[in-house]
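Close look at the chain arrangement
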Amino acid sequence: MKKIAVMTAGGDCPGLNSVIRAVVLSAAAKSMEVVGVLDGFIGFCEGKYMKLDKKTVEDIESLGGTMLGSSNKEAPFRYPSKTSPGEYEDKVEWGVKNLKKNGVEALMVIGGDGSLDSARMIDEAGMPTVGVPKTIDNDMVASDPTIGFSTAVENVVEAIGKLKTTAYSHRRVMVVEIMGRTSGYLTLHGGFSAGADVILLPEIEYDLSAVAEKVKAIMKGGKRYVVVAVSEAAKEVGGEEVVSRIVADSFESKRYGGVGAKLAHELEVLTGHEARATVLGHTQRGGAPNAFDIMLGAKLGSYAFDLVVSGESGVIVGVEAGRLTKMKYPKTREARLLDVGKDDLMRTARDMGVFFGVS
């Protein structure tokens, strides 16, 4: 094998550049060329590449985002037509043929569930691929944790820490809306580590009246403020998630958002205490990766490279209990949710008095 390619797809997160660097340096040690596919599946479908070598990846491991660019909308099997606006084309075979025409013999795709489902199709179309899982949501079955999750938790903790000072000053209830889609890992880990009083997760429908009573009890007990960490997809008992918009041509068309403002207004009415909502949004996935994500990215990038060189493909690499693992591309996309009855951090939080929205 003389030439391989690497790409990042889906939403960005800290640690992606560490994967890219590990692949490039591992390839350089074997005198192999590496092609970087630009802007996710846009580059795959339009033949946009760049050469990667030791110089281009120098010191990138500590940089956030991805040096190759990404996109969380375009899919190679349903790519917007350049000649017929509003219509779509299947560009998988074209993308595979173009990579092969450029001498590429294998591809590593760094992405989430949607992106790696496309990687599976590329593999089945004749370009050997290995997937590397990344998402701040930590909701992929292939790896626990995923690249980007650890740094995102730290970003949440830092943000809530800053909100506490103004909450204390004004005796306020601070409702903090946290990403994670239908999985509560980021809200649980970030909220607990930041000392949130109430944590509301997608996996547990919350009782609004019970949350209001808890807030009143905390304030009556002498604390000057309350922090409520709420997942963007959390919902009231018998209710629906709050959706901000639908993006029809995206891997994940349903975009959650607004539960924080809704909940803050309701709590202010029910408790009589001033409440403010803060949406952490994309600050959670921004900035430089922490040491854990740099190391995780490097380990998974190196492992993916080793598998490619050995002739193995059609798998996603990951870690489980600290050990490197691999699994075949799944045929269906299914988010890994919190097991609220068995999760050790849930048990610890409950023991320490954290309220999860139901009495």
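Now for a description of the structure that goes with this document. (Residues numbered from 1 in each chain as written. Predicted model: local features only at pLDDT ≥ 70, side-chain atom pairs only at ≥ 80, totals over all residues. Heavy atoms only, no water.)

Describing the pattern of salt bridges
- Going through the model one piece at a time under the given rule, you end up with 21 salt bridges.
- With a closest N to O distance of 3.1 Å, Arg120 and Glu124 form a salt bridge. Here Glu124 and Arg120 lie together in helix H4 (residues 113–124), a separation of four residues that amounts to about one turn.
- A salt bridge links Glu266 to Lys262, with the shortest nitrogen-to-oxygen separation between them at 3.0 Å. Here the residue Glu266 and the residue Lys262 both occupy positions in helix H8 (residues 259–271), the gap between them amounting to four residues, near one helical turn. (Salt bridge = Lys/Arg side-chain N within 4 Å of Asp/Glu carboxyl O. Helix = DSSP H or I, 4+ residues; strand = E, 2+ residues; numbered from the N terminus.)

Examining empty space enclosed by the protein
- Scanning all chains against the criterion turns up one cavity of 30 Å³ or more.
- Lining the largest cavity we find Asp113, Leu116, Asp117, Ile316, Tyr329, Pro330, Thr332 and Arg333.
- Per-element accounting of the lining of the largest cavity gives the leading share, three residues, to H4.
- By residue class, the composition of the lining of the largest cavity is four nonpolar, one polar and three charged. (1 Å grid on protein atoms, 1.4 Å probe; cavity = no way out; pocket = protein on both sides within 12 Å on 5 of 7 lines; lining within 4 Å. Points joined across faces, edges and corners; volume = space filled by probe spheres on them. Nonpolar A, V, L, I, M, F, W, Y, C, P; charged D, E, K, R; others polar.)

Remarks on the sheet that holds strand S7 (residues 129–133)
- One open sheet accounts for seven strands, arranged S3-S2-S1-S6-S7-S14-S15; its pairing is mixed. What marks the edges here is a single partner per strand, and that holds for strand S3 (49–52) and strand S15 (323–328). Neighbour-to-neighbour, the strand axes of the sheet open up by a mean angle of 25°, direction not taken into account.
- Pairing analysis gives four bridges linking strand S2 (residues 33–37) to S3, with the strands arranged antiparallel. Counterpart to Gly36 in the pairing with S3 is Met50.
- The sheet strands contacting helix H9 (residues 291–309) are strand S1 (3–8), strand S6 (107–111), S7, strand S14 (315–320) and S15, and the helix crosses S14 at an angle near 140°. (Pairing = 2+ DSSP bridges. Axes fitted to C-alpha atoms, helices over the stretch in contact; angles between N-to-C directions. Contact = heavy atoms within 4.5 Å.)

Examining helix H1 (residues 16–28)
- Given a rise of 1.5 Å per residue, 13 residues ought to cover 18 Å, and the 19 Å separating the end C-alpha atoms of H1 matches this to within 8%.
- Residues Leu16, Asn17, Ser18, Val19, Ile20, Ala22, Val23, Val24, Ser26 and Ala27 constitute the buried set of H1.
- For H1, the elements touching its buried residues are S1, S2, S3, S6, S7 and H9. (Expected span 1.5 Å × (residues − 1). Buried < 20%, exposed > 50% of the residue type's maximum accessible area, 1.4 Å probe, protein only.)

Considerations on the sheet that holds strand S13 (residues 275–279)
- Overall, parallel pairing links the four strands, which are arranged S9-S10-S8-S13 in an open sheet. Strand pairing shows two members of the sheet lacking a second neighbour, strand S9 (198–200) and S13, which therefore form its edges. Neighbour-to-neighbour, the strand axes of the sheet open up by a mean angle of 20°, direction not taken into account.
- Two strands pair when backbone bridges link them, and S9 and strand S10 (residues 226–231) are joined in this way by three bridges, in the parallel orientation. Counterpart to Ile199 in the pairing with S10 is Ala229.
- Against the sheet, helix H5 (residues 149–170) makes contact with strand S8 (173–178), S10 and S13, and its axis sits at roughly 160° relative to S8, the strand it touches most.
- Most of the contacts of helix H6 (residues 185–193) go to S9, to which it runs at about 175°, and overall it touches S8, S9 and S10.

Re the environment of Val269
- Within the secondary structure, Val269 sits in helix H8.
- By relative accessible area, Val269 is classed as exposed at 59%.
- Spatially, the C-alpha atom of Val269 lies 9.3 Å from that of Ala212, the residues being 57 residues apart in sequence.

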